[in-house]
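Residues per chain, in single letters:
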Amino acid sequence: MRAAGLIMAAGRGKRMGAALPKCFLPLAGAPLYAYSLRALAAVPEIGVAVLVIPPDCSRQVEEHLEGMELPWPVQVTIGGENRDDSVRAGLEALRTTSPEIVAIQDGARPFVTPQLITDTLRAAEKYAAAVAAVPLADTLKRAGEDLMISETVDRTSLWRAQTPQTFRYELIVQAHQRAEKENWPATDDAMLVERLGHKVQLVPAGEGNMKVTTPEDLERAERLLASRGTMRIGQGYDLHRLERGRPLILGGVKILHDRGPVGHSDGDLVCHALGDALLGAAALGDVGVHFPDTDPAYAGADSAVLLSQVAEKVRTAGYRIVNCDLTVITEAPKLQPHVAAMRARLAEALGITPEQVSIKAKTDEGVGAIGQGQALACHAATLLEACA
Ligand code: MG
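Residues numbered from 1 in each chain as written. Predicted model: local features only at pLDDT ≥ 70, side-chain atom pairs only at ≥ 80, totals over all residues. Heavy atoms only, no water.

(A) Focus on the overall build of the protein. The helix and strand tally for the protein stands at 12 helices and 18 strands. Projected onto its principal axes, the C-alpha coordinates of the protein cover approximately 80 × 45 × 40 Å. The 388 residues of the protein split such that 47% are buried. Taking the contacts inside the protein whose residues are at least 6 apart along the sequence as the reference set, 74% of them involve residues at least 24 apart. Carbon and sulfur atoms make up 52% of the accessible area of the protein, which amounts to about 18700 Å² in all. Positive and negative side-chain charges in the protein, numbering 40 and 48 respectively, have mean positions lying 3 Å apart. (Helix = DSSP H or I, 4+ residues; strand = E, 2+ residues; numbered from the N terminus. Buried < 20%, exposed > 50% of the residue type's maximum accessible area, 1.4 Å probe, protein only. Contact = heavy atoms within 4.5 Å. Areas by Shrake-Rupley, 256 points an atom, 1.4 Å probe, with all protein chains shown as cover. Lys, Arg positive; Asp, Glu negative; His and termini not counted. Charge placed at Lys NZ, Arg CZ, Asp CG, Glu CD.)

(B) Molecular detail of the coordination of the magnesium ion. The coordination sphere of the magnesium ion, as far as protein atoms go, consists of Asp238 (OD), His240 (NE2) and His272 (ND1), spread over 2.1 to 2.2 Å. For the magnesium ion, the single-chain donor residues occur in sequence as D-x1-H-x31-H. Of this pair, Asp238 sits in strand β12 (residues 231-244) while His272 sits in helix α8 (residues 269-281); the two residues are 34 residues apart in sequence, bridging distant segments of the chain. You can call Asp238 buried: its relative accessible area is 15%. (Donors = N, O, S within 2.8 Å, 3.2 Å for Na, K, Ca; no water.)

(C) Structural detail: the packing of aromatic side chains. Under the definition given, this model contains 2 aromatic pairs. Between Arg38 and the ring centre of Tyr35, over which it is positioned, the NZ or CZ distance is 5.5 Å. (Phe/Tyr/Trp six-rings, centres within 6.5 Å; stacked < 30°, edge-to-face > 60°. Lys NZ or Arg CZ within 6 Å of the ring centre and 35° of its normal.)

(D) How the structure looks around the packing of helix α3 (residues 83-93) against helix α5 (residues 169-182). Interhelical geometry of α3 versus α5 gives an angle of 140° and a closest axis separation of 10 Å. Considering the angle they form, α3 stands oblique to α5. Seen along the crossing, α3 lies across α5 with a hand that is left-handed. Residues Asp84, Val87, Arg88 and Leu91 of α3 pack against Tyr169, Ile172, Val173, His176, Ala179 and Glu180 of α5. (Axes fitted to C-alpha atoms, helices over the stretch in contact; angles between N-to-C directions. Parallel < 35°, antiparallel > 145°, perpendicular 65-115°, else oblique. Left-handed = near helix turned anticlockwise from the far one by under 90°.)

(E) Structural context of α8. Relative to the 18 Å expected for 13 residues at 1.5 Å per residue, α8 spans 18 Å between its end C-alpha atoms, a close match to the ideal helical length. When you tally the buried positions in α8, you get 11 out of 13 residues, the bulk of the element. For α8, every residue scored as buried is listed here: Leu269, Val270, Cys271, His272, Ala273, Leu274, Gly275, Ala277, Leu278, Leu279 and Ala281. Following α8 by one or two positions, Ala283 has its phi on the positive side, about 55°. (Expected span 1.5 Å × (residues − 1).)

(F) Fine view of the nonpolar core. Judged by nonpolar contacts, the single largest core of 48 residues is most densely connected at Tyr33, Leu37, Leu51, Val61 and Leu121. Within the residue set of this core, elements represented by two or more residues are β1 (3-8), α1 (32-41), β4 (46-53), α2 (58-66), β6 (101-106), α4 (114-127), β7 (129-135) and α7 (215-227). No other element matches the 7 residues that α1 contributes to this core. Those residues within four positions of Leu37 in sequence are excluded, and the remaining contacts are Ile7, Ala49, Leu65, Met68, Leu70, Trp72 and Val74. (Core = buried A, V, L, I, M, F, W, Y, C linked by side-chain atoms within 4.5 Å.)

(G) Structural context of the sheet that holds strand β18 (residues 375-386). Strand order in the open sheet formed by 5 strands is β15-β12-β18-β16-β17, with mixed pairing between adjacent strands. In this open sheet, the two edge strands, each paired with only one partner strand, are β15 (259-261) and β17 (357-362). Each strand of the sheet is rotated relative to its neighbour by a mean of 25°, with strand direction disregarded. In this structure, β12 lies alongside β15, joined through 3 bridges in antiparallel fashion. (Pairing = 2+ DSSP bridges.)

Bear in mind that shape data such as this cannot, by itself, settle questions of function.
Structural data, given as structure tokens:
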């Protein structure tokens, strides 16, 4: 496969409010666009790269590129009035090399990985068009100007498109020519290919492949880069009193028993201890801060659902869950028959595999409140990896 990388770095980045164009702002000392170049350079199939820049930046870019030691010379091209013009200028610059596939990469996404680029290349080879994307995590609301919600939009099957957006070269050239001729507006390149009636394959990416749009994003990117690869440990603990006649839900699994935990939510202390461990590892506070028991919204809440929201917060903060280890202390009922179901349910809530979740059961040998069946407790430990 002869593939090319096309890095879009021509935007001014108005929301950044900086004197430099957005992709030229320094991240750990290097301009933002340089990170995409390095990722492309680590993909063997990429044999040529074009960098599209604003009109007045050529000298600065050439000086910088000289120091980069890339496997190929970078063709620097001046962008146009808007993003579509700039992409067309970049595609035109590739005309002489005429690659089979081109990966169009936003220069403001510094955390793109060689693996993600490779995945989109393979998908584009097979389907002609492929786009890195993440499934939508937040609930979507439609609202009018009065900010009153008129509808909750079903988010299943909704994805956020990122870059790289990777295409057969001739297909994306044709899509852009058509768009120019017929004045189609576009917010990304895939749209134009879709309008030609072509299918576009989604390639699952991570939240880590963030786009730097605001000064806050740049600060977050600095933090992520500084902490990349570091591990963070967290621990959590919870205890609930037991009362006759209440349901017993542990680790999101309903267990038949004559008593269950007293609590504002469903009292699932396994989820609470684990949630605290995860939030603790990321230094994001605790379950009580995020889901206060004074808030009627959480009365009888399904704690496994709250746990999946905790996992989302941890991911958004730039971490990947490595593993969780739990010790549940209970005199009765016997937990062993339920451990497999609990591991599966917790893994599902956290978006990880059951192999990453361990559950151990202990008794207190008849000693104290737990030993006498008046309460249940859980200890949790977890490890996070900063993944930028
Ligand atoms: Mg609790």
